[in-house]
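# Close look at the chain arrangement
One letter stands for each residue in the lines below.
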Amino acid sequence: MSLKYNIPQCYIIFFAAVIFLVDKVHAGDDKPTAAREGYEHDELKEFVDFCERQIELRNDPESIKRDCKRIHEKDFRDDDLRMLFSLFVIILWGALTRTLLRVLKLNIPYTVVLMFSGIVVGVIARYYCPTWYTFTAIARIKPEIILFAFLPVLIFETAFGISSHVFIKASMQILILAFPGMLIATALTAMLCYQFFSEYKWTFLQACFYGSIISATDPVAVVGILKEVGVSESLSVIVDGESLLNDGVAILLFEIFQDRLKEDEELSSGQLAGNVIIMFLRIAVGGPIFGYIAAKIAIFFLNRIVEITITLVSAYLTYYIAEDVLGVSGVCAVVLLGITMSSEKTCISPDILEEVHEFWEMAAHLANTVLFFVTGIVISERGSRDLTAVDVYYLILFYFALNFIRFLMLIVLSPLLSRCGYGITWQNLIVMMWGGLRGGIGICLSLQVYEDTFFCDDTKLGPKILFHTAGIVLLTLLINGTTTKKLLELLGLTAITPGQIEEMQLAVKHLGDTQKKGVAMLKHDRYLTDANWDYVYTFTAMSDPYKDAIVKSRKPRPETSILSFHDDTQQHPCPQCNSLVENEPSNEEYRVMTEEARLRVLKALKISYWRQFEQGVLTEEAVKILVAVSDSFTDVELSMIHTKDIQKYWQVHGFASMLRAKMIVQFGPSGKFLDKTHAKPANKFRVPFWWIVSRNWFDALMTVVVLLNMIPAIWEFVIDISADDSHCDAGRSVFFILNVVFTCIYSIEFIFKILGFGCKEYWLSKWNGIDFLVLLVGVLDFILSLYRCSKKSKNSGFTKILKGLRLFRIIRSVRLIKPLIPAIIIFLNGRVNREMFFGYDVAVGYLTAIDDVLKYINQMIENAHVSKKLKGHLERERQETLKEIGLIQRDHPGIAIAVKTRHASRNALNQMRNSLNDLRMDGLLDEKENMLLTIEIEERMKRLWSSPNYIAPSSPEVLLQNLSWVYGNNDLKDFVFSNAEIVTFSNGDIVASAGDEPNGIYVIISGMVRITFVPTRAVMRDRVEYGSIPNVEIFRDFDFDKQAEDFFTSGTVIGESGLLTRRPRSGTVICESDELKAYYIPMSIMDQAMAKFNDPYDSLEARLWRSCGIRRGSTFLPTTNFYQATFPYLYFAILNLN
């Protein structure tokens, strides 16, 4: 093409070429001359071509359109869009498959159907419909991309969803299976292939190479079945954990054997072993270490950035950096990442935790859907090429041999597996053998071999490895995956226990009661009065899913059967009533029922801990401790948590506590080193001196003087050590003069304090004693130094004495500690307060969980004997914990107030957020305003976590005015306060006895009381006949037919009910602390107050009734089923009446 240059364009090209050449000359100075000339010529030509292209575009703008058209035709193909389209079609097919399996109730694993769907699509695309071949291009992408795309999701989701407690306890078993087990399986598989695959003529190293590929397990379908049928969690975790780690070991062995096969030079056995060990340590050990570090980094950011984003990014970045940057095991790194984050779940916001789990479950579901469908396509398109009858024959024998090898490996390791972790049973061994399915990892690794020209050139190696891997994956999914559920039934691992049957019956009964009460309430709705209620009852009736299991359990069984107490044959005729009576369960049956009930109670306790954490009233550290303690007792049969097991968390020990106690003794209010306040002297001459030395600035000035004195003192001491001190020189004279100056200042301080405080008062302070001692040493040093210089003494003994005196002057630096002591005590108090705050939080969380369980224990456990036993234990632990909390509140009232303040603030914020959400749902608040207010509330919730861990107790007056029936009425507050008197009780004193007539109200200021309720015949009669509630502050059991005991601390009001009902007390109040202080308001004063403050809309009597009603309603109403299901806001609505 001919080009026409104009003058400006030529100048541009010329100057650009000159600049370009100059730059290249400088850049190419280090090159040989000939090479540099050729290099410069190429670069210049490239630059000139670029400039000519720019000029061409100016002269012919249409040329860029032609270029874009050529680029579009070359780089953008329909196949790319079809591959993307096929990805979403696969996901859609997965959703349809899942729906069909659920609707048709087919007991076929979801992954098996997906793989066969992929096989069918692959066969059609390959043999019958070439058009479909472009849609299956997703199965022909690089296997490394498949690993990088799907493996981090699948590994992290599994590790993050595993119970960290179960995983840690079973970790030794998992490691045994994943490392020695994988090595044994690989070695046995290699020997099998080496001996029996004679047609392929593999070397032993090639056989080991294939053994590392095919030995990796992927029991996705089996784990899903294990969770579905309710097999023990430990078995599911062991199977899942082995799969996680042996994937990493498989990739490690794969890389080791691959490198060994590709090595050209022969290595000695020592060099080979060294290389393998180094590679193993780098990959297998470096991976977990990096995964743990990555988890800690992710946890640090979780509270600061969107949680789901952080978990997703951390999974992929950890895998990528581990594999591609650090060269360590990405699988092991992501496993440690998931397990560590699972154990630190409290770092995720409680409101978002469920969403995080749902996101990862969906991501893993989509990844498994695509991976197994693509695996099916790979099997049909690439794994079945160039088949012979020998290949099929080998595959069938190899399938049976692999199952036997896995079983043999488990048998060899069973002595170790049975002695660590959760142990192992022969049934579990069979399930683990049969559940050793092969999956995506093996397919991806075999595809890498297939696409590697080094291996694929050998038609007996690469293609055969892909075929046998694909065949084994297909057979294990088809045979093992579909028959695992039947195997579990044959082994008796799916048998429903009596506890599960009982739990289901209780749940169905609970739903039935809720249905009846709900429908009864709905009948009062005027818009629903003409509904067909018979149809409503029929349509909403629930059936027992375990009904068939109960029928099966009633077949004749031996008398020793655990289920025998459900058997109709286990009845005997009653001779008196001539009817069949159920036999009592045997001791073994009681043991089984107690164990299942115990696990249910521990689970309920953990649920309560997490609920408190979600509500923001339990800290991250506290919930982790309580859940960990509950998990530890889950593994100990017939064992329950005791208060002593968590008592150590609120008993402060350690160096900080000891140092604080010592410093308080020495420097506290009654310490030896406390500076007393000195009274103003009567003598007018001494008053100016007293005024000076009693000022804070005087102490600060003397501290500065001491600090300045330390500089020459230390300097002179250093010179004394390193130089000759036998004569006086100019330098010594300077130190001498400075010593004289500071000694004079100390002397002036001494005189001023003697004159200001008086001689007797001066010596009461230990600090003054130290100052006077150092002053004497300074004077003596001055005299001796003067004598030595005047006499020119060279006596070595004299010199040593003088040096010792100078050293003693440094002791005055102790004075510098004095202003730091308050700060040190504040720091130590903060440390101890934080520990006590945490311990009090743990105690309150444990107590709240016990209260939650006690409300529903009768509904949780049907057997009266078992229920009574566990309820008794919880009641005892509740009393013990409540007593411990009372002692903490007595000894550390500021800690208790801080925790209560934070709990009250968070509960108020929770209610505000719920109320705001109701406004939005009702359409009374727009999204923008709702978002602004929600952000404000959540910011306050975050700031609440940094609330002070110590709040000084309020004065008794403030406690009195904050009573619910006093607050807000200043006249009532003044009246009550002016007529209330403070009374004190000692430990063991009776404040009020059962049967006493009401004589007033007590408001506890400090201390703790124990209230005991013993039901009497009169109380029970009034309760049954008139429905009257006993006059007692304990209100946990609405029947009031059992003895009860509880502890109460500051803020508790005793006598409200008696004041209103005028009935005798039903409980005894006993002082349980060394001293109990309380406001006492006599009955006559309260009568006067009710007569005086009788506003018809806000009378004192109405306030008292409302206070009693809310206190009792908030205790009783949450235990009712219908209240929880229908009116959770009722309690707060009542509060708004005020």
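Right above here is the structure, for reference.
Everything in this summary refers to the structure shown in the same document. Model, not experiment: these values are computed from the prediction.

### Some remarks on the overall build of the protein
- Secondary structure summary: the protein contains 47 helices and 10 strands in total.
- Out of the 1138 residues in the protein, the part that is buried amounts to 45%.
- In the protein, the share of contacts with a sequence separation of at least 24, taken over all contacts with a separation of at least 6, comes to 78%.
- In the structure as shown, the protein presents an accessible area of about 59700 Å², 62% of it carried by carbon and sulfur atoms.

### Structural notes on the sheet that holds strand S7 (residues 1044-1048)
- One open sheet holds the 4 strands; their spatial order is S4-S9-S6-S7, and the pairing between them is antiparallel. Looking at which strands have only one partner, the edges of the open sheet turn out to be strand S4 (990-992) and S7. Neighbouring strand axes in the sheet, compared pairwise and without regard to direction, differ in orientation by 25° on average.
- For strand S6 (residues 1009-1013) and strand S9 (residues 1067-1071), the ladder comprises 5 bridges, and the chain directions are antiparallel. Within S9, the residue paired with valine 1009 across the bridge is cysteine 1071.

### Focus on the packing of helix H11 (residues 204-214) against helix H22 (residues 462-490)
- At a closest axis distance of 11 Å, the pairing of H11 and H22 adopts a crossing angle of 30°. By the angle class used here, H11 and H22 are roughly parallel. Regarding H11 and H22, the two cross each other, and that crossing is right-handed. On the side of H11, the interface is formed by Phe209, Tyr210, Ile213 and Ile214, while H22 contributes Ile465, His468, Thr469 and Ile472.
- Here the contact of H11 with H22 is built from residues that sort into 6 nonpolar, 2 polar and no charged.

### So, helix H16 (residues 330-343)
- In this model H16 runs 20 Å from its N-terminal to its C-terminal C-alpha over 14 residues, within 8% of the 20 Å that 1.5 Å per residue would give.
- For H16, a buried count of 12 out of 14 residues is recorded, marking the element as mostly surrounded by other parts of the structure.
- Turning to H16, its buried residues are Gly330, Val331, Cys332, Ala333, Val334, Val335, Leu337, Gly338, Ile339, Thr340, Met341 and Ser342.

### Quick notes on a nonpolar patch on the surface
- Residues Ile277, Phe280, Leu281, Val285, Ile289, Tyr292, Ile293, Ile297, Phe300 and Phe301 make up a contiguous nonpolar surface patch of roughly 900 Å² in combined accessible area.
- Looking at where phenylalanine 300 falls in the secondary structure, it is placed in helix H14 (residues 269-302).

Basis of the calculations
- Residues numbered from 1 in each chain as written.
- Predicted model: local features only at pLDDT ≥ 70, side-chain atom pairs only at ≥ 80, totals over all residues.
- Heavy atoms only, no water.
- Helix = DSSP H or I, 4+ residues; strand = E, 2+ residues; numbered from the N terminus.
- Buried < 20%, exposed > 50% of the residue type's maximum accessible area, 1.4 Å probe, protein only.
- Contact = heavy atoms within 4.5 Å.
- Areas by Shrake-Rupley, 256 points an atom, 1.4 Å probe, with all protein chains shown as cover.
- Pairing = 2+ DSSP bridges.
- Axes fitted to C-alpha atoms, helices over the stretch in contact; angles between N-to-C directions.
- Parallel < 35°, antiparallel > 145°, perpendicular 65-115°, else oblique.
- Left-handed = near helix turned anticlockwise from the far one by under 90°.
- Nonpolar A, V, L, I, M, F, W, Y, C, P; charged D, E, K, R; others polar.
- Expected span 1.5 Å × (residues − 1).
- Patch = residues over 30% accessible without salt bridge, like charges linked within 9 Å, V, L, I, M, F, W, Y side chains within 5 Å.
- Salt bridge = Lys/Arg side-chain N within 4 Å of Asp/Glu carboxyl O.

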